[in-house]
Structures are given as structure tokens and as C-alpha cells.
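What follows is each chain in one-letter form.
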Amino acid sequence: MKLEVLTKLSYVIPEPCVLLLQIEAADLADQHVTQSNLQYDVPVSPSRIEAEDGMGHRIWLEAEHQFSCQYSATVELSRQQPAIESQKAALLPSLRGEFVKYLMPSRYCHPAAFHEFTQSTFGSLSGGKLIQELASWITSEFSYAAGASDAFTTAQETFESRKGVCRDYAHVLIAMSRAVGIPARMVSAYAPGVSPPDFHAVVEVYLENGWYIIDPTGMASPDEIVRIGVGRDAVDVPFLSSFGNIQLKNQSVHTTLA
């Protein structure tokens, strides 16, 4: 399967500003970037660094007055994820140190807030079957609503309101997964069929045989998701971080099957 990605960003920069950009598809074993082109208008040569957990890259930029960039890519996906329902949970004492942070509370995801709910509602389930039921519950119970949350909304607040956007859905599933002892992390991604078209947020959970992608919004299946980066929650995977004042002018993201 091949996906075509086209992203355009444009900002007004009132004062000289440092930016950290992460919009490129990661080149991985199950998603090969066969063609890519990233163009931007900056006065100083960018600096590329490795992103969180070694998945993808971030780019340091210096901009003034304005910043515009365009990214295009063709990505060949060869992901064949087994049915998550049949996967067992990893034994906690066997987890390596790199996975432990994905069990802990993070900026937007506090597992302790979900212990009682997950135990009382899904206590008879375990492993991948439990994760699938958690995701299905979120998909059916929540309403996708732009503007229902902001940059400060936590998983618990989204759980209480039962509405949000993809990052909110992901935060709730991450917090619930950690509450039942399953490591979970956020994935920034491109995916076809996302409505409205935009950067997408999904979840990876760590089970006995590795990481498994799951989309609690129900918009995309694992075999058509292109990962950009990963992190504990949205605080680790913004597509653009600004160290100074910037104002969004235009943004467009399009992902289509080739």
C-alpha cells in the first residue's frame, strides 16, 4: 500500500523565533519513505536531530517575519499487524527500562484517575482483548467535536465531557491502558480518511509481542497509518514547537492512497 502526503504550513512571526519542526514521515521497517521533499523559507540552515525513542527526526529552525514550509512524500506501507484481540499483555517484571515511562503519569494522562472505572467495567478482560474493548468503548461513547478541548485539556476532562478530537481520544486510551498495566504511547501520524483532513493522533500499546497501533476514533486502520513520531502524550509530539510568539496563517494536511 502506498500513501501520498502533502502538508503546508504558514505562520506570521512578529519577532525572530526558534522553531522545532516534526512533520516528516519516519522511515521504518514497516513504512518506507520512497520519495520526500521538505521546503522552507528560513535565513539560517536548519539542524536535524533524532526524535523521541529514535522514531523520526526533528528540525531546529530560526525564522523571522514569516515561516512557510511544504512537505510532500510517498510512503510504502508493509505493516501486517496481527489481530490485537489475540495478543497477551507483557509481564510487567519483564519490561525493559525504555518501556516503563509509558506506564507512568504524564502531562495529559493520569492512570490513577481511571483505575476504578477500568476495573469495574472491564475487569474480566486482559491483554489485547482488553485494549480493543477500551478503544471500542471510547469510539462509541465519545463525540468527535472540534473546539471541545484546548491545549490544556487532560484525559480525565475529556472522559468527563465525552467529546474531543483525535488527541483527546488518544489521551483517554493511553491513560486507561496505563491504568490496567499496559504501556501506551501517543503516535503523531498521517492517515487517509481523517475528517477534517489534518495531522492525526493514534495510540501504540505494548503487548507480549511488541507495539500495536490502535485508533480510538475509528477513522483509520493500522495498515494505513504513517507514523511521524511517538511520545508519552501530545506534549512530546507536536508537529511544531515555537520558542517565541508565532501566529498561524494557513495549514493544510492531505493524505491519500496512491
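The structure this text deals with has already been given above.
Residues numbered from 1 in each chain as written. Predicted model: local features only at pLDDT ≥ 70, side-chain atom pairs only at ≥ 80, totals over all residues. Heavy atoms only, no water.

Trainee: It is not clear to me how the nonpolar core should be interpreted in this structure. Could you clarify?
Mentor: When a protein is soluble and globular, its nonpolar side chains tend to lie buried together. Ranked by size, the top nonpolar core spans 35 residues in total, and within it Phe114, Trp137, Ile138, Met176, Val203 and Val205 carry the most contacts. When residues no more than four places from it in sequence are discounted, the contact partners of Met176 are Phe114, Phe117, Thr118, Leu134, Trp137, Ile138 and Phe159. Counting 29 residues, the second largest nonpolar core, distinct from the first, contains Leu3, Cys69, Val226 and Ile228. (Core = buried A, V, L, I, M, F, W, Y, C linked by side-chain atoms within 4.5 Å. Buried < 20%, exposed > 50% of the residue type's maximum accessible area, 1.4 Å probe, protein only. Contact = heavy atoms within 4.5 Å.)

Trainee: Sorry, what's going on with the sheet that holds strand S8 (residues 200-207) here?
Mentor: Strands pair in a sheet through their backbones, by hydrogen bonds, and they do so in one of two ways: parallel or antiparallel. Pairing within the open sheet is antiparallel, and its four strands lie in the order S9-S8-S7-S10. Because the sheet does not close on itself, it has two edges, and the strands there are strand S9 (210-214) and strand S10 (226-231). For this sheet, the mean inter-axis angle between neighbouring strands, taken without regard to orientation, is 35°. The pairing of strand S7 (residues 184-190) with S10 spans five bridges and is antiparallel. Within S10, the position partnered with Ala189 by the bridge is Arg227. (Pairing = 2+ DSSP bridges. Helix = DSSP H or I, 4+ residues; strand = E, 2+ residues; numbered from the N terminus. Axes fitted to C-alpha atoms, helices over the stretch in contact; angles between N-to-C directions.)

Trainee: Would you mind going over the environment of Gly210 with me for this structure?
Mentor: Positionally, Gly210 belongs in strand S9. Here Gly210 falls in the buried class, since its relative accessible area comes to 13%. Counting along the chain gives 82 residues from Gly210 to Gly128, while the straight-line C-alpha distance between them is 11 Å.

Trainee: Would you mind showing me how to read the side chain of Thr118 here?
Mentor: When you line up the elements, Thr118 lands in helix H2 (residues 115-122). Polar side-chain contacts of Thr118 include one of 2.8 Å to the backbone oxygen of Phe114. What Thr118 contacts, discounting residues up to four positions off in sequence, is Gly123, Leu134, Met176, Ala179 and Val180. (Polar contact = N/O pair within 3.5 Å; in protein donor to acceptor, adjacent residues only side chain to side chain.)

Trainee: Please explain helix H3 (residues 127-141) as it appears in this structure.
Mentor: Working note: α-helix, 3.6 residues per turn, so residues spaced by three or four point in the same direction. With 15 residues, H3 ought to run about 21 Å at 1.5 Å a step, and its terminal C-alpha atoms sit 21 Å apart, in line with that. Burial in H3 covers these residues: Gly127, Gly128, Leu130, Ile131, Leu134, Ala135, Trp137 and Ile138. Among the structural elements, H2, helix H4 (155-161), helix H5 (166-179), S8 and S9 are those in contact with the buried residues of H3. (Expected span 1.5 Å × (residues − 1).)

Trainee: So what exactly am I meant to see when it comes to the packing of H3 against H5 here?
Mentor: Helix packing for two helices is described by the angle between their axes and how far apart those axes are. Axis separation between H3 and H5 bottoms out at 10 Å; the angle between their running directions is 145°. Like other packed secondary-structure pairs, H3 and H5 cross with a definite hand, here right-handed. Of the residues in H5, those in contact with Ile131, Leu134, Ala135, Trp137 and Ile138 of H3 are Tyr169, Val172, Leu173, Met176 and Ser177. Of the residues that constitute the contact of H3 with H5, the class distribution is nine nonpolar, one polar and no charged. (Left-handed = near helix turned anticlockwise from the far one by under 90°. Nonpolar A, V, L, I, M, F, W, Y, C, P; charged D, E, K, R; others polar.)

Trainee: Looking at this structure, how should I read the environment of Gly229?
Mentor: Residue position: Gly229 is located in strand S10. Sequence separation of Gly229 and Ile23 is 206 residues, and the distance between their C-alpha atoms is 8.6 Å. Apart from residues lying up to four places away in sequence, Gly229 is in contact with Gln22, Met55, Met186, Val187, Ser188 and Val237.

Trainee: I tried to follow unusual backbone geometry on my own but got confused; where do I start?
Mentor: Between Ser195 and Pro196 the backbone carries a cis peptide bond, its omega angle lying at 0°. Mapped onto the fold, Pro196 is located in the loop between S7 and S8.

Trainee: I'm lost on the packing of aromatic side chains in this one. Help?
Mentor: The description of two aromatic rings rests on the distance between their centres and on the angle between their planes. Applying the stated criterion across every chain, the model contains 16 aromatic pairs. Taking 6.4 Å as the distance between ring centres and 25° as the angle between the ring planes, the aromatic pair formed by Tyr71 and Tyr190 counts as stacked. Pair noted here: Tyr71 is in strand S4 (residues 57-77) and Tyr190 is in strand S7, with a separation of 119 residues, a long-range link. Lying over the aromatic face of Trp211, Arg185 brings its terminal NZ or CZ to 3.9 Å of the ring centre. (Phe/Tyr/Trp six-rings, centres within 6.5 Å; stacked < 30°, edge-to-face > 60°. Lys NZ or Arg CZ within 6 Å of the ring centre and 35° of its normal.)

By themselves these figures say nothing about function.
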